[in-house]
Amino acid sequence: VLWDRVTLTCQGSGTAGATTWYKDGQRWGQNRRDHFTVTESGTYRCDRPGSGLSSPVTVLNDQLVLQVPPETLLEGDTVTLRCRA
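Residues numbered from 1 in each chain as written. Predicted model: local features only at pLDDT ≥ 70, side-chain atom pairs only at ≥ 80, totals over all residues. Heavy atoms only, no water.

S.K.: Please explain the state of the cysteines as it appears in this structure.
M.R.: Counting across every chain of the model gives 1 disulfide. Between C10 and C46 runs a disulfide, and the two sulfur atoms are separated by 2.0 Å. One disulfide, between C10 and C46, carries an S-S torsion of 85 degrees and so falls in the right-handed class. Here C10, found in the loop between β1 (6-9) and β2 (19-23), pairs with C46, found in strand β5 (residues 42-48); they are 36 residues apart in sequence, far enough to count as distant. Each member of the pair, C10 as well as C46, carries the same accessibility label: buried. (Disulfide = S-S within 2.5 Å. Helix = DSSP H or I, 4+ residues; strand = E, 2+ residues; numbered from the N terminus. Buried < 20%, exposed > 50% of the residue type's maximum accessible area, 1.4 Å probe, protein only.)

Dropping the structure here:
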């Protein structure tokens, strides 16, 4: 949902106090915590000594559409939902 809170957590074998965060490929600063609440769209990564650079996580400030199949649904039916940006 448009700007629901998103909290990123960096986990690994390194020391939490040495977590370095990256946003859109640029060093975004060193945070003494291993988590923070995102306030901007972007692609985020974290790095801790002993764990290495994390996989990227992309956060978008965008409206999402929840899609359902066009057929009639009854209580108890199994349904696959799709989330589209």
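S.K.: Looking at this structure, I do not really get the side chain of K23. What am I missing?
M.R.: You can see K23 is positioned in strand β2. Residue K23 is classed as buried on the basis of its relative accessible area, which comes to 13%. In terms of polar contacts, K23 uses its side chain to reach the side chain of D24, at 3.2 Å. With residues up to four places along the chain from it excluded, the contact list for K23 reads W28, E40, S41, T43 and Y44. (Polar contact = N/O pair within 3.5 Å; in protein donor to acceptor, adjacent residues only side chain to side chain. Contact = heavy atoms within 4.5 Å.)

S.K.: Even after reading the chapter, I still don't get the packing of aromatic side chains, so can you show me in this structure?
M.R.: The relative placement of two aromatic rings is captured by the distance of their centres and the angle of their planes. As enumerated under the stated definition, the model contains 4 aromatic pairs in all. Residues W28 and F36 carry aromatic rings whose centres are separated by 5.2 Å and whose planes lie at 45 degrees to one another, so their mutual orientation is tilted. Looking at W28, the relative accessible area reads 38%, which means it is partly exposed. (Phe/Tyr/Trp six-rings, centres within 6.5 Å; stacked < 30°, edge-to-face > 60°.)

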